[in-house]
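An overview of the molecular structure
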Amino acid sequence: MTTRNTKQAWLDAWLQAKPIDLNACKCGGRAYRFVLLGAPGVGKGTVAQMMAERLGLAHLATGDIFRAAKSLPAASLSPALQEAIGYMQRGELVPDQTVIDLVRERRACLHWPAGFVLDGFPRTVPQAEAFEQLMRAENLALDGVLNFELPIETIVARLGGRRTCSKCKAVYHVVNMPPKVDGICDNCGGPLIIREDDRPDAIRVRMDVYQKSTAPLIEYYRSRNMLITISAEGTPDDVFARTCKTAGIRCGGNPC
Ligand code: AP5
């Protein structure tokens, strides 16, 4: 199973609110449960995708749910999810209660035996508090919160070159991770598009929202001794290797 198929499979599971039989755990039976933090474009989705593929973790990305909801018929969406799409397109955060309800409905995915990587949730302190309660109720514990850091110029370059498959949602970069054929997804042959919230005006809103609403989470998790800060510089393989080393992740008993 390729990385990109893994992403699609987990998106389907997340949308349908049920766990799936994907890969057997690849980490010798040890479950890892992480939350990813970092500004838009730092590369969270890319490293989460690699953790799903290489470690067998469930990749649960709230942004992917809202983007996928956009392509479903409006009549099949709850009023809250229809409203959420408008927030996402403007680069604003979806209201906390909508996101918290959505994650709670899908809590079965948190029990995947190999563990999970949460990419995009929690995004505010109220979401973090609700998630803490949910984890306690489900009798699960986080291994840590991985906070990725990168200079703003590099972030802007990463976002400016991002292309996403309109069908299977695989992520590329025109320079750093180009597809084999320009504009076409390697995985499913679908057309590659620029995400609506990667327009310069929406990027500005997302950066401001990150500073105001998400950056306070760094203090929240630091005060609980859960924060693990990691540089997101270098190639995706560099970032993945650094993540495993810094977070103490061992594959099948060996360091990754
Ligand atoms: P979401 O999808 O979570 O977007 P985001 O946090 O803005 O993050 P991005 O997906 O833009 O960036 P990324 O860090 O994953 O970067 P990527 O790996 O793609 O959320 C979207 C929206 O949904 C929000 O704005 C909000 O409206 C709503 N939402 C979602 N969750 C919510 C919540 N909990 N509460 C409220 N609202 C919520 O990488 C970027 C580019 O760089 C790619 O082209 C990639 O190929 C390239 N790249 C990645 N890594 C490297 C590398 N190491 N070297 C070179 N290039 C790289």
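Remember, predicted model here, so these are calculated numbers, not experimental data.

Calculation rules
Residues numbered from 1 in each chain as written. Predicted model: local features only at pLDDT ≥ 70, side-chain atom pairs only at ≥ 80, totals over all residues. Heavy atoms only, no water. Pairing = 2+ DSSP bridges. Helix = DSSP H or I, 4+ residues; strand = E, 2+ residues; numbered from the N terminus. Axes fitted to C-alpha atoms, helices over the stretch in contact; angles between N-to-C directions. Expected span 1.5 Å × (residues − 1). Buried < 20%, exposed > 50% of the residue type's maximum accessible area, 1.4 Å probe, protein only. Arc of directions from axis to C-beta. Near = heavy atom within 4 Å. Polar contact = N/O pair within 3.5 Å; in protein donor to acceptor, adjacent residues only side chain to side chain. Areas by Shrake-Rupley, 256 points an atom, 1.4 Å probe, with all protein chains shown as cover. pLDDT = per-residue confidence, 0-100. Salt bridge = Lys/Arg side-chain N within 4 Å of Asp/Glu carboxyl O. Contact = heavy atoms within 4.5 Å. Phe/Tyr/Trp six-rings, centres within 6.5 Å; stacked < 30°, edge-to-face > 60°. Lys NZ or Arg CZ within 6 Å of the ring centre and 35° of its normal.

Description of the sheet that holds strand β2 (residues 58-61)
- Ordered in space as β2-β3-β1-β4-β8, the five strands form an open sheet in which the pairing is parallel. Strands with a single pairing partner mark the edges of an open sheet, and in this sheet they are β2 and β8 (227-231). Neighbour-to-neighbour, the strand axes of this sheet turn through a mean angle of 25°, independent of strand direction.
- One ladder, built from five bridges, connects strand β4 (residues 144-149) with β8; its direction is parallel. Residue pairing for β8: Glu149 is matched across the bridge by Ser231.

What to know about helix α8 (residues 200-214)
- When the terminal C-alpha atoms of α8 are compared, their 20 Å separation across 15 residues agrees well with the 21 Å that a helix rising 1.5 Å per residue should span.
- When α8 is considered as a whole, its buried residues turn out to be Ala202, Ile203, Arg206, Met207, Val209, Tyr210, Ser213 and Thr214. Relative to the axis of α8, the buried residues are bounded by an arc of 165° and lie together on one face. Exposed residues lying more than 90 degrees from the buried face of α8 are Pro200, Arg204, Asp208, Gln211 and Lys212.

What to know about the site of the ligand
- Of all residues adjacent to the ligand, which total 36 residues, the nearest are Gly45, Thr46, Glu92, Arg162 and Arg206.
- Gly45 is positioned such that a nitrogen or oxygen atom in its backbone is 2.7 Å from an oxygen atom of the ligand.
- Gly120 has a polar backbone atom sitting 2.8 Å from a nitrogen atom of the ligand.
- For the ligand, whose free accessible area comes to 1000 Å², the fraction covered by protein is 96%.
- Of all the elements in the fold, those that place two or more residues in the shell around the ligand are α2 (44-55), α3 (62-70), α7 (152-160), β6 (171-173) and α10 (236-247).
- Ranked by residues supplied to the shell around the ligand, first place goes to α3 with four residues.

Some points on the side chain of Asp198
- For Asp198, the location among the structural elements is in the loop between β7 (192-193) and α8.
- The class for Asp198 is buried, based on a relative accessible area of 7%.
- A polar atom in the side chain of Asp198 sits 2.9 Å from the side chain of Arg162.

Let's talk about the confidence of the model for the protein
- On average, residues of the protein score 87 in pLDDT, and 90% of them are at 70 or above.
- Averaged pLDDT values for the elements of the protein fall to 51 in strand β10 (residues 254-255) and rise to 98 in β8.

Looking at the pattern of salt bridges
- By the definition in use, this model includes 15 salt bridges.
- For Glu132, the salt bridge is made with Arg224, and the minimal N-O distance between the two is 3.1 Å. One end of the pair, Glu132, is in helix α6 (residues 125-137); the other, Arg224, is in the loop between α9 (216-222) and β8, with 92 residues separating them in the sequence.
- Glu132 sits in the partly exposed class, given a relative accessible area of 28%.
- Asp201 serves as the salt-bridge partner of Arg199, at 3.2 Å between the closest nitrogen and oxygen.
- Overlapping salt bridges bring together Arg162, Arg195, Asp197, Asp198 and Arg206 as one network.

Thoughts on the sheet that holds strand β5 (residues 162-165)
- Read from one edge of the open sheet, three strands run β6-β5-β7, paired in antiparallel fashion. The open sheet has two free edges, formed respectively by β6 and β7, since each of these has just one partner strand.
- Relative to β6, β5 is paired through three bridges, and the arrangement is antiparallel. The residue of β6 that forms the bridge with Thr164 is Val171.
- Contacts between α7 and the sheet are confined to β5 and β6, with β5 contributing the most and set at about 40° to the helix.

Points about the side chain of Arg195
- For Arg195, the location among the structural elements is in the loop between β7 and α8.
- Residue classification places Arg195 among the buried positions, given a relative accessible area of 14%.
- In terms of polar contacts, Arg195 uses its side chain to reach the side chain of Asp197, at 2.9 Å.
- Beyond its immediate chain neighbours, meaning those up to four positions away, Arg195 contacts Arg67, Arg162, Thr164 and Arg206.

Considering the packing of aromatic side chains
- One pass over the structure, following the stated rule, counts three aromatic pairs.
- For the pair Tyr32 and Phe34, a centre-to-centre distance of 6.1 Å together with 10° between the ring planes defines the contact as stacked.
- Here the aromatic rings of Tyr220 and Tyr221 are separated by 5.0 Å at their centres, their planes lie at 85°, and the arrangement is edge-to-face. Summarising the burial analysis for this pair, Tyr220 and Tyr221 share the class buried.
- The positively charged end of Arg90 is found above the aromatic ring belonging to Tyr87, 5.2 Å away from the centroid.

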